[in-house]
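Next come the chains, spelled out residue by residue.
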Amino acid sequence: MNTTIEKIKKLKGEIKVPGDKSIAHRAVILNAIANGRAVIENFPMGQDCLSTVEALNSMGAKIRMNSATESITIEGVGLNGLSEPATEIDAENSGTTARLLMGLLVGQSFPSTITGDIHLCRRPMDRVIIPLSLMGAKIHSSERRGYLPIQIEPSTLNGIDYTLPIASAQVKSAILLAALYASSPTVVRENTKSRNHTEIMLNTMGATIDTRDDRIYIAPRPTLYAQDMFIPGDISSAAFIITAGLLVPHSSIVIKDVGLNSTRSGILDIYKGMGGDIQIENKEGTAGELMGDIKVTSSILRSTTIEGNIIPRLIDELPIIALAATQAVGTTIIKDAQELSVKESNRILSTVNTLSQLGADIEATPDGMIIQGPTPLHGAIVDSKGDHRIAMMAAIAGLIANGQTTIKNSQWIDISFPGFFDTLKEISVMS
Ligand code: S3P
């Protein structure tokens, strides 16, 4: 599918974005192995989370979807209640599905196979295979070592004390899930804090988990209790609308009920530091997570440097922050973000190439990018490169670029933000 975007006058109004993808994956997995029934509201119906739902359904958890109310109901089967799936598990494009399920599946008494689409089969899995193997897991990659498809054989797991070599919530979560099935406690240490939704959810569902400084302790074999929850809006999806609100002149918008977990809200800190007018209203808690409304008014931005510990707090937002930097006064430097090169696309290259095609002054570095601004953008024909966030970044660029911007293969947006273009239309003022 190709979508063409035109420059608009302003953005005005109030909208919602789909529920948080990271929280949703964890809600499905943990409630599937809990005791009892959970109703999850504001569940994101994007393909990534559906891959996780299909996988747990294939292992005996009864998950009913209600698209009209954007909710799902999960009948938990208990910690040891999953059964062998009839076929291989296909995580499709979802790295979170593949890596978290690896952690869950190494603890089961049945064998399994996990595969994915061509993009996912090119993403590294050794980061998960290595610590899980240290726990005693038996994992084989049938085609290329360290990549999907992988086969898992049943094994006896022991707890480990493991320091994450990279800041990755997917790796951390895979270890914590395997730790539920180990014979002794596990400790995971992080030098740089990554998103902590797994820890929060395990805690609210009854596991013995204790986080102190950079160290997470988890006791094995808990009884988990099903937990109803309202999933806050995904700040990683809101990021595109927030950026549009800042960049399109004369805009004033509110994004309702967005997750504000501090391990995810780096983009708000960066934009405020760049001079962005962003206010948070109506803050409240939901199942251990913080949520609130984000009010954005268009702003003149100045450049910044983004590096170090803040990177995991905004890793998925770097492509759209790069777009904002093309409109900021001065030189913006993004570094320490090598991880961008192993996302749904090589996001250092796909961001730099896409924004260059639209007229930006941007250059790639081994661990990030350097952007000069402000630079007027012009429309062009660009490709999503099979990456939902690159497609949305190009669409937001199209709102401020002169002429028409066409995004080829824009259907990839459905991975995380079905209804993205309708949401944009709702708040767009064309004349
Ligand atoms: C995610 C963690 C991050 C993030 C991804 C979702 C998660 O990946 O980029 O979109 O839900 O745990 P890494 O763990 O590879 O940093």
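This text follows the structure it describes.
Small disclaimer: the values here were computed from a predicted structure and weren't measured.

Engineer: Describe in detail the overall build of the protein, supporting the description with residues and values.
Structural biologist: From N to C terminus, the protein includes twelve helices and 24 strands. For 431 residues, the compact-globule estimate of 2.2 N^0.38 gives 22 Å, and the protein sits close to it at 21 Å. With respect to the three principal axes, the spread of C-alpha positions in the protein is 60 × 40 × 40 Å. Classification of the 431 residues of the protein by burial places 61% in the buried group. Summarising the internal contacts of the protein: among those between residues at least 6 apart in sequence, 76% fall at separations of at least 24. Taking the average place of the 38 positive charges on the side chains of the protein and the average place of its 45 negative ones, the gap between the two points comes to 2 Å.

Engineer: Which residues make up the side chain of aspartate 316, and what values do they have?
Structural biologist: Secondary-structure assignment places aspartate 316 in the loop between β18 (305-306) and α9 (318-326). Among the polar contacts listed, one links the side chain of aspartate 316 to the side chain of arginine 195, at a separation of 3.3 Å.

Engineer: Residue-level account of the packing of aromatic side chains, with values.
Structural biologist: The final tally for this structure, using the stated rule, is two aromatic pairs. Ring geometry for phenylalanine 420 against phenylalanine 421: centres 5.1 Å apart, planes inclined by 70 degrees, an arrangement best described as edge-to-face. The class of phenylalanine 421 is buried, set by a relative accessible area of 18%. Every member of this aromatic cluster is reached through a ring pair, and the members are Phe417, Phe420 and Phe421. Its end group placed over the ring of tyrosine 147, arginine 144 keeps NZ or CZ at 3.8 Å from the ring centre.

Engineer: Describe the pattern of salt bridges, and please don't skip the residues or the numbers.
Structural biologist: Side chains that carry opposite charge are capable of pairing whenever their charged atoms lie near each other. Scanning all chains against the criterion turns up 18 salt bridges. As a salt-bridge pair, aspartate 316 and arginine 389 come within 3.8 Å of each other at their nearest N and O atoms. In this pair, aspartate 316 is assigned in the loop between β18 and α9 and arginine 389 in helix α11 (residues 388-400), connecting sequence segments 73 residues apart. Each of the salt bridges in this network shares a partner with another, and the network as a whole consists of Arg123, Arg195, Asp316, Glu344, Arg347, Asp387 and Arg389.

Engineer: Lay out the site of the ligand with the relevant residues and their values.
Structural biologist: Taken together, the neighbourhood of the ligand is formed by Ser22, Arg26, Thr96, Arg99, Ala167, Ser168, Ala169, Gln170, Arg195, Ile315, Asp316 and Lys343. A distance of 2.6 Å separates an oxygen atom of the ligand from a polar atom in the side chain of arginine 26. When the ligand is considered free in solution it has 380 Å² of accessible area, and contact with the protein chains removes 94% of it. Elements supplying a minimum of two residues to the shell around the ligand: α1 (21-32), α3 (95-105) and α5 (169-179). Residue composition of the shell around the ligand, grouped by class: three nonpolar, four polar and five charged. In this structure, the shell around the ligand is formed jointly by two domains, domain 1 (2-19 + 232-429) and domain 2 (21-230), each of which donates at least three residues.

Engineer: Which residues make up the side chain of aspartate 293, and what are the values?
Structural biologist: On the secondary structure map, aspartate 293 appears in strand β17 (residues 289-297). Within polar-contact distance, the side chain of aspartate 293 engages the side chain of lysine 256 at 3.0 Å. If sequence neighbours within four positions are ignored, aspartate 293 has contacts with Val254, Ile255, Lys256, Asp257, Gln279, Ile280, Glu281 and Asn282.

Engineer: Please set out the pairing of strand β2 (residues 10-16) residue by residue, giving values where relevant.
Structural biologist: As paired elements, β2 and strand β24 (residues 428-429) share two bridges and run antiparallel to each other. Bridge pairing in β24 places leucine 11 opposite serine 428.

Engineer: Please provide a residue-by-residue account of the sheet that holds strand β22 (residues 381-383), values included.
Structural biologist: Spatial ordering of the open sheet is given by β1-β23-β22, a layout of three strands whose pairing is mixed. Two strands close off the open sheet at either side, each with one partner strand: β1 (2-5) and β22. Taking the axes of each pair of neighbouring strands and ignoring which way they run, one obtains an average angle of 25 degrees across the sheet.

Rules behind the numbers
- Residues numbered from 1 in each chain as written.
- Predicted model: local features only at pLDDT ≥ 70, side-chain atom pairs only at ≥ 80, totals over all residues.
- Heavy atoms only, no water.
- Helix = DSSP H or I, 4+ residues; strand = E, 2+ residues; numbered from the N terminus.
- Rg over C-alpha atoms; globule rule 2.2 N^0.38 Å.
- Buried < 20%, exposed > 50% of the residue type's maximum accessible area, 1.4 Å probe, protein only.
- Contact = heavy atoms within 4.5 Å.
- Lys, Arg positive; Asp, Glu negative; His and termini not counted.
- Charge placed at Lys NZ, Arg CZ, Asp CG, Glu CD.
- Polar contact = N/O pair within 3.5 Å; in protein donor to acceptor, adjacent residues only side chain to side chain.
- Phe/Tyr/Trp six-rings, centres within 6.5 Å; stacked < 30°, edge-to-face > 60°.
- Lys NZ or Arg CZ within 6 Å of the ring centre and 35° of its normal.
- Salt bridge = Lys/Arg side-chain N within 4 Å of Asp/Glu carboxyl O.
- Near = heavy atom within 4 Å.
- Areas by Shrake-Rupley, 256 points an atom, 1.4 Å probe, with all protein chains shown as cover.
- Nonpolar A, V, L, I, M, F, W, Y, C, P; charged D, E, K, R; others polar.
- Domains from an automatic or database assignment.
- Pairing = 2+ DSSP bridges.
- Axes fitted to C-alpha atoms, helices over the stretch in contact; angles between N-to-C directions.

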